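Chains, contacts and geometry: an overview
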Amino acid sequence: MVREPVKIQGTKEGLVIVVDEDVDIEVLKERIVDRIEKSLKFFEGATLNVRVKNSKFKDEELEDLKDFILKNYGVEIFIKKFQEKHIKNVTDDEIFNGLEEGITKFHRGTVRSGQVVKYYGNLVIIGDVNPGGLVQAAGNIVVTGTLRGIAHAGFTGNKEAFIVASSLKAMQLRIANIISRAPDKEEEVEYPEIAVVRKNKIIVRPLYHLSDLW
Amino acid sequence: MKEAIVITSGKGGVGKTTTTANIGTYLAMKGYKVALVDTDIGLRNLDVVMGLENRIVYDIVDVVEGQCRLKQALIRDKRFDTLYLLPAAQTRDKTAVTPEQMRKLIQDLKEEFDYILVDCPAGIEQGFKNAIAGADRAIVVTTPEVAAVRDADRIIGLLEAAELHNPLLVINRIKMDMVKRGDMMDIEDIIDILAIDLLGVIPDDENIIISTNKGEPIVLDEKSLASQAYRNLVERFLDRNVPLINLDVGNGFMDRLRRLFKMA
């Protein structure tokens, strides 16, 4: 699983650059310069928002970077540091909107205890998710096998996201910032199920009653 | 009173987690405020044994990293209001926590709880060092096997080096019939080698496996011998004058039955 360490996204706030925690400041600089040079016209007189996620950059390093870009390219950048969002403070500013059609990752194989599969789009697991395994997607999650661990769909805040599994025996289901846990005594069902949010609660329905849901 | 007790063994699979769950549950049954802390980061089990796995949202690493408040991570037991679990993280490793952070954490827990039971991971590396940091005393679990006793001995040495003196011994999974036949280490043999105070002896009991799988600590089931042994162990922990229970009593009928069949 290779994820871009420096991601440049267009959002309603303009261009946002999301940087992973283990990225060197030089790499970040290089990527920003690269991007600006590619479309210099677009950037003229513009401001650029950079959100730095979980990074260990020092403030003075970031100040240097700001000065460098301003001097050489005339582009002012605003840098905002933020910690990766936890379930409690999922906000609405970066919602993934590709639930109908959008980027999707296909993960092949079983997600075992202690493993995390996280994707900023829709996520399909070709296999099972075992207890203690965690799958997180900004969009929908589909598990072709049995979901026994934790699935967190719409983790950037989209409550419309759904979770589908051939066999849904999840320890916990999370959609956006809503959590539900498995009942302590679970009745076994033999059919595929879907979990969606209705009235701020996660509900689970048989997959063949879809017309009731939408 | 407030005390932090680490349950450790050196060797894996001797029953640290089961012992932690049962001592903690019975202390809570007796009305004490108890926190169970799972320090086996990356290989957590205590939540499963307690049947609380599906309630975990935050864990010990979230707490020490300041991602959540301690109270948010503490899971209240489904049976007893005074019993709480602080689960380990499953997606991290032992280096995610330092002994200093553990010391602070235990200190914070002491403000709320009478007893803090720390379930230690197997081994003597970082996880062990984390688990014993902040503990006031130690319970060493062993089974009547040479390898387990050897590791327990090593652990007792390390505990002493860390200024955790006078650990208490729990001998787990003893089979009285095998001891009688001379096929298993006797309690005396083990005490002889380890030379620490014996807190309790837990018989090998199939019911423990059943209860563990169900997420119901066996102390909840009054009838089984192992449950009585755990209760006796806790009574002795609270008052050292309580005598050890006689494990032969409960086994007697089955023993006789078994012997009868063998003779036939």
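This is a predicted model, so every value here is computed, not measured.

Focus: the overall build of chain B
When helices and strands are counted, chain B shows 12 helices and eight strands. Counted over contacts in chain B with a minimum sequence separation of 6, partners at least 24 positions apart contribute 75%. About 11,700 Å² of surface is accessible on chain B, with carbon and sulfur atoms providing 49% of the total. Here chain B contributes 34 positively and 41 negatively charged side chains, and the mean placements of these two sets differ by 3 Å.

Section: the packing of aromatic side chains
All names here are of chain B. Counted under the stated rule, the structure contains five aromatic pairs over all chains. Pairing Tyr32 with Tyr115 gives two aromatic rings, centres 5.3 Å apart and planes at 80°, and the pair type is edge-to-face. Linking Tyr32 in the loop between α1 (16-29) and β2 (34-38) with Tyr115 in strand β5 (residues 115-119), this pair joins segments that are 83 residues apart in sequence. Ring centres of Tyr84 and Phe113 lie 5.6 Å apart, and the angle between their planes is 65°; on these two criteria the pair is classed as edge-to-face. Separated by 29 residues along the polypeptide, Tyr84 in strand β4 (residues 83-86) and Phe113 in the loop between α5 (99-110) and β5 bring together distant segments of the chain. On the accessibility criterion, Tyr84 (21% relative accessible area) is partly exposed. Residue class for Phe113 comes out buried when judged on its relative accessible area of 3%. Put simply, the rings of Tyr32, Tyr115 and Phe237 pair up and form one aromatic cluster.

Section: the interface of chain B and chain A
Contacts between the two partners involve 13 residues from chain B and, on the opposite side, 17 residues from chain A. For the pairing of chain B and chain A, the buried interface totals around 1,300 Å² over both sides, and the portion due to carbon and sulfur atoms is 47%. Taken together, chain B and chain A are joined by two salt bridges. In this structure, Lys78 of chain B engages Asp184 of chain A in a salt bridge whose closest nitrogen and oxygen atoms are separated by 3.7 Å. The tally of links from chain B across to chain A stands at seven residue pairs in polar contact (both at pLDDT 80 or more). Here the side of chain B that touches chain A is composed, by residue class, of three nonpolar, six polar and four charged.

Overview of the pattern of salt bridges
All names here are of chain B. For the structure shown, the criterion picks out 20 salt bridges over all chains. With a closest N to O distance of 2.7 Å, Lys94 and Asp40 form a salt bridge. In this pair, Lys94 is assigned in the loop between β4 and α5 and Asp40 in the loop between β2 and α2 (46-49), connecting sequence segments 54 residues apart. Note that Asp108 is salt-bridged to Lys104, the shortest N-O span being 2.8 Å. Residue Asp108 and its partner Lys104 are both found in helix α5; the two are separated by four residues, about one turn of the helix.

Quick look at the UniProt feature "binding site: ATP" (unreviewed entry) in chain B
Residue and element names in this part refer to chain B. In this numbering, the UniProt entry assigns the feature "binding site: ATP" (unreviewed entry) to Lys11, Gly12, Gly13, Val14, Gly15, Lys16, Thr17 and Thr18. Mapped onto the elements of the fold, Lys16 is located in helix α1. The class of Lys16 is buried, set by a relative accessible area of 6%. Beyond its immediate sequence surroundings of up to four residues, Lys16 is in contact with Ile7, Thr8, Ser9, Lys11, Asp119, Cys120, Pro121, Ala122 and Val141.

Describing the sheet that holds strand β7 (residues 122-126) of chain A
All names here are of chain A. Pairing within the open sheet is mixed, and its six strands lie in the order β5-β7-β9-β11-β14-β15. Of all strands in the sheet, those bounded by a partner on one side alone are β5 (104-108) and β15 (201-206). Between one strand axis and the next, the sheet turns by 25° as a mean value, whatever way the strands run. Looking at chain direction, strand β9 (residues 141-147) and strand β11 (residues 163-168) are connected through five bridges and run parallel. Bridged to Val142 within β11 is Val164.

Criteria and cut-off values
Residues numbered from 1 in each chain as written. Chains lettered and ligands numbered in written order. Predicted model: local features only at pLDDT ≥ 70, side-chain atom pairs only at ≥ 80, totals over all residues. Heavy atoms only, no water. Helix = DSSP H or I, 4+ residues; strand = E, 2+ residues; numbered from the N terminus. Contact = heavy atoms within 4.5 Å. Areas by Shrake-Rupley, 256 points an atom, 1.4 Å probe, with all protein chains shown as cover. Lys, Arg positive; Asp, Glu negative; His and termini not counted. Charge placed at Lys NZ, Arg CZ, Asp CG, Glu CD. Phe/Tyr/Trp six-rings, centres within 6.5 Å; stacked < 30°, edge-to-face > 60°. Buried < 20%, exposed > 50% of the residue type's maximum accessible area, 1.4 Å probe, protein only. Buried area = accessible area lost by both parts, 1.4 Å probe. Salt bridge = Lys/Arg side-chain N within 4 Å of Asp/Glu carboxyl O. Polar contact = N/O pair within 3.5 Å; in protein donor to acceptor, adjacent residues only side chain to side chain. Nonpolar A, V, L, I, M, F, W, Y, C, P; charged D, E, K, R; others polar. UniProt positions renumbered as here; feature names shortened; annotations may be inferred. Pairing = 2+ DSSP bridges. Axes fitted to C-alpha atoms, helices over the stretch in contact; angles between N-to-C directions.

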